[in-house]
Amino acid sequence: MKRTNILQTQPDAYKAVMALENFVIGSEIEPLHKELIKLRSSQINGCAYCLDMHSRDARKLGETEQRIYTLSAWRDTPFFDEKEQAILALTEETTLIHKGGVSDDTYNKAVELLGAKYVGQVIIAIITINAWNRIAISSHFQPALQK
């Protein structure tokens, strides 16, 4: 059965999520940091549509295949710097909020490395991709096969 198209049936809600996305686009978050957030949340949530889109976007920004392939195991690689590690930890704990929330250690480390304003913007970026993941998954968005 075909699922509802949120853009068509709930345009005001879609516009609200788009407003969050526009905030993220205009934020001070570095472009590759944005894509790491989007990719890691989408991995956790199992959103094929967003994984496809954001892996392509990350590659366009110069992200390496090696880092994309090992992102789900970032703690076990030397490929991500300290700031990226803080962002990825915050992304995981925010995406998996039901598992105890964001720890003080994770939050404080992120603020120490990135500053409170940047961390606030990162949190909004995480919340936004989680909303998009939920729209895409519940609506059965499918990525197109690239040739």
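So, how was this worked out
Residues numbered from 1 in each chain as written. Predicted model: local features only at pLDDT ≥ 70, side-chain atom pairs only at ≥ 80, totals over all residues. Heavy atoms only, no water. Helix = DSSP H or I, 4+ residues; strand = E, 2+ residues; numbered from the N terminus. Rg over C-alpha atoms; globule rule 2.2 N^0.38 Å. Contact = heavy atoms within 4.5 Å. Areas by Shrake-Rupley, 256 points an atom, 1.4 Å probe, with all protein chains shown as cover. Lys, Arg positive; Asp, Glu negative; His and termini not counted. Charge placed at Lys NZ, Arg CZ, Asp CG, Glu CD. Salt bridge = Lys/Arg side-chain N within 4 Å of Asp/Glu carboxyl O. Buried < 20%, exposed > 50% of the residue type's maximum accessible area, 1.4 Å probe, protein only. Axes fitted to C-alpha atoms, helices over the stretch in contact; angles between N-to-C directions. Parallel < 35°, antiparallel > 145°, perpendicular 65-115°, else oblique. Left-handed = near helix turned anticlockwise from the far one by under 90°. Nonpolar A, V, L, I, M, F, W, Y, C, P; charged D, E, K, R; others polar. Expected span 1.5 Å × (residues − 1). Arc of directions from axis to C-beta.

(A) How the structure looks around the overall build of the chain. Helix and strand counts for the chain stand at eight helices and zero strands. Beginning at the N terminus, the succession of helices and strands in the chain can be written as α-α-α-α-α-α-α-α. Relative to the globule expectation of 15 Å for 147 residues, the C-alpha radius of gyration of the chain, 15 Å, shows essentially globular dimensions. Summarising its shape, the C-alpha atoms of the chain cover approximately 45 × 35 × 30 Å along the three principal directions. For the chain, restricting intrachain contacts to residue pairs at least 6 apart in sequence, the fraction spanning at least 24 positions comes to 68%. For the chain, the accessible area works out to roughly 8500 Å², and carbon and sulfur atoms hold 56% of it. In the chain, the 17 positive side-chain charges and the 18 negative ones have mean positions that sit 9 Å from each other.

(B) Quick look at the pattern of salt bridges. Summed over all chains, the structure comprises nine salt bridges. Residue K117 pairs with E28 through a salt bridge whose shortest N-O separation is 2.8 Å. Linking K117 in helix α8 (residues 116–138) with E28 in the loop between α2 (11–26) and α3 (31–45), this pair joins segments that are 89 residues apart in sequence. Here E28 falls in the partly exposed class, since its relative accessible area comes to 48%. A salt bridge links R75 to E92, with the nearest nitrogen and oxygen atoms 2.7 Å apart. Note that R75 is positioned in the loop between α5 (65–70) and α6 (82–95) and E92 in helix α6, a separation of 17 residues in sequence.

(C) Broad picture of the packing of α3 against α8. One can describe the packing of α3 onto α8 by two numbers: an axis separation of 9 Å at closest approach and a directional angle of 40°. Considering the angle they form, α3 stands oblique to α8. Viewed along their axes, α3 and α8 form a crossing whose handedness is right-handed. Every residue of α8 that contacts α3 at H33, I37, K38, S41, S42 and N45 is listed here: Y118, V122, A125, I126, I129, N130, N133, R134 and I137. Here the residues of the contact of α3 with α8 are counted per class, giving seven nonpolar, six polar and two charged.

(D) Representation of helix α4 (residues 48–60) within the structure. Helix length check: α4 (13 residues) gives 18 Å between terminal C-alpha atoms against 18 Å at 1.5 Å per residue, within 8%. Taken residue by residue, α4 has C50, H54, S55 and A58 as its buried positions. All buried residues of α4 lie within an arc of 125° about the axis, which places them on one face of the element. For α4, the secondary structure elements touched by its buried residues are α3, α5 and α8.

(E) Spatial organisation of the environment of L7. The residue L7 is located in helix α1 (residues 6–9) in this model. Remark: the alpha-carbon pair of L7 and D76, spanning 69 residues in sequence, is separated by 39 Å.

(F) Structural view of unusual backbone geometry. Despite not being glycine, H140 shows a phi value in the positive range, around 60°. The topology assignment puts H140 in the segment after α8.

(G) Representation of helix α7 (residues 104–114) in the model. Those residues of α7 that sit buried are T106, A110 and L114. Summarising the axial view, the buried residues of α7 lie within an arc of 35°, below the 170-degree limit, and thus occupy one face. Looking at α7, the residues exposed on the side facing more than 90 degrees away from the buried face are D104, D105 and E112. Residues of α7 that are buried make contact with α6 and α8. Within two residues after α7, G115 carries a phi angle of roughly 90°, on the positive side.

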